[in-house]
Amino acid sequence: GFVMIDATVVRAHQHSAGAPKSGEDQAIGRSRGGLTTKIHAVVDALGNPIALSLTAGQAADITQAQPLIERLTPDAVIADKGTDSDALVATLEARAITCVIAPKANRKQQRACGFALYRERNLVERFFNKIKHYRAIACRLDKLANTFLAGAMLVCVVLWLN
């Protein structure tokens, strides 16, 4: 089967900042728009979550793409332009995984993309829509990143059971 990878930004509540400084990154980014966290997810062909990770809101999608799919063995990986990089494409091709990633407009060498399969990417967007129906996920009320990630995974378990 195939998997889809994408990320969504979650606004962090102002009270979620200020966790004790223990050296751990709490995945909260500070920008003009306020405090944000980015949830990176991999979903299967049915839209069920397989892997999640958190970063600060300003982090690029490509930073988590490789770590999230390195333990998976899909037939194809579908992703948007945010994960288009020569390194990721080369890694997928070396593992004999079909790469269905929309090429960036500013690529020096444009490459083909199977847009018939790319249209299935709406499943990952629908997954993000479902998890944001839960207030604790939509608002990032937790101070600690591991607590927020545990809550997101609990929501994923609920989605798997439904």
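Presented here is a report on the structure given in the accompanying data block. (Residues numbered from 1 in each chain as written. Predicted model: local features only at pLDDT ≥ 70, side-chain atom pairs only at ≥ 80, totals over all residues. Heavy atoms only, no water.)

**Let's talk about helix α1 (residues 62-69)**
Here is step 1: Along α1, the residues that are buried comprise Gln 64, Ala 65, Leu 68 and Ile 69. For α1, the angular spread of buried residues about the axis comes to 120°, placing them on one side.
Here is step 2: Close packing links the buried residues of α1 with β1 (2-11), β3 (34-43), β4 (49-56), β5 (76-79) and α2 (86-94). (Buried < 20%, exposed > 50% of the residue type's maximum accessible area, 1.4 Å probe, protein only. Helix = DSSP H or I, 4+ residues; strand = E, 2+ residues; numbered from the N terminus. Arc of directions from axis to C-beta. Contact = heavy atoms within 4.5 Å.)

**Examining the packing of helix α4 (residues 122-131) against helix α6 (residues 145-161)**
Here is step 1: Interhelical geometry of α4 versus α6 gives an angle of 110° and a closest axis separation of 10 Å. Comparing the axis directions of α4 and α6 gives the class roughly perpendicular. The interaxial crossing formed by α4 with α6 has right-handed handedness. In this structure, α4 uses Phe 127, Lys 130 and Ile 131 to contact α6, whose residues at the interface are Val 155, Cys 156 and Leu 159. (Axes fitted to C-alpha atoms, helices over the stretch in contact; angles between N-to-C directions. Parallel < 35°, antiparallel > 145°, perpendicular 65-115°, else oblique. Left-handed = near helix turned anticlockwise from the far one by under 90°.)

**Section: the nonpolar core**
Here is step 1: The biggest cluster of nonpolar side chains holds 27 residues, and the ones touching the most others in it are Met 4, Ile 39, Leu 52, Phe 127, Phe 128, Ile 131 and Ile 137.
Here is step 2: Elements with a contribution of two residues or more to this core: β1, β3, β4, β5, α4 and α6.
Here is step 3: Looking at which element gives the most residues to this core, the answer is α6, with six residues.
Here is step 4: Sequence-distant contacts of Ile 137, that is, excluding residues within four places in its chain, are made with Val 10, Ile 39, Ile 131, Phe 148, Gly 151, Ala 152 and Val 155.
Here is step 5: Within the second largest apolar cluster, 16 residues are counted, among which are Ala 65, Leu 68, Val 77 and Ala 79. (Core = buried A, V, L, I, M, F, W, Y, C linked by side-chain atoms within 4.5 Å.)

**Regarding the environment of Gly 1**
Here is step 1: Tracing the chain through its elements places Gly 1 in the segment before β1.
Here is step 2: According to the relative accessible area criterion, Gly 1 is exposed, its value standing at 68%.
Here is step 3: In sequence terms Gly 1 and Ile 50 are 49 residues apart; their C-alpha atoms lie 13 Å from each other.
Here is step 4: Ignoring sequence-local partners within four residues, the contact set of Gly 1 consists of Pro 74, Asp 75 and Ala 76.

**A few points about the packing of aromatic side chains**
Here is step 1: Under the defined criterion, the tally for this structure stands at two aromatic pairs.
Here is step 2: On the basis of an interplanar angle of 80° and a centroid distance of 5.6 Å, the ring pair of Phe 115 and Tyr 118 is categorised as edge-to-face. One end of the pair, Phe 115, and the other, Tyr 118, are both in helix α3 (residues 115-118), three residues apart, so they sit about a helical turn from each other.
Here is step 3: Ring centres of Phe 127 and Phe 128 lie 5.5 Å apart, and the angle between their planes is 50°; on these two criteria the pair is classed as tilted. (Phe/Tyr/Trp six-rings, centres within 6.5 Å; stacked < 30°, edge-to-face > 60°.)

**Thoughts on α6**
Here is step 1: Taking 1.5 Å of rise per residue, the 17 residues of α6 would be expected to cover 24 Å, and the 24 Å separating its terminal C-alpha atoms lies within 8% of that figure.
Here is step 2: Within the span of α6, buried status applies to Ala 145, Phe 148, Ala 152, Val 155, Cys 156 and Leu 159. Buried residues of α6, viewed axially, fall in a sector of 105°; they line one side. Seen from the open side of α6, the exposed residues pointing more than 90 degrees away from its buried face are Leu 154 and Leu 161.
Here is step 3: For α6, the elements touching its buried residues are β1, β3, β4, α4 and α5 (135-139). (Expected span 1.5 Å × (residues − 1).)

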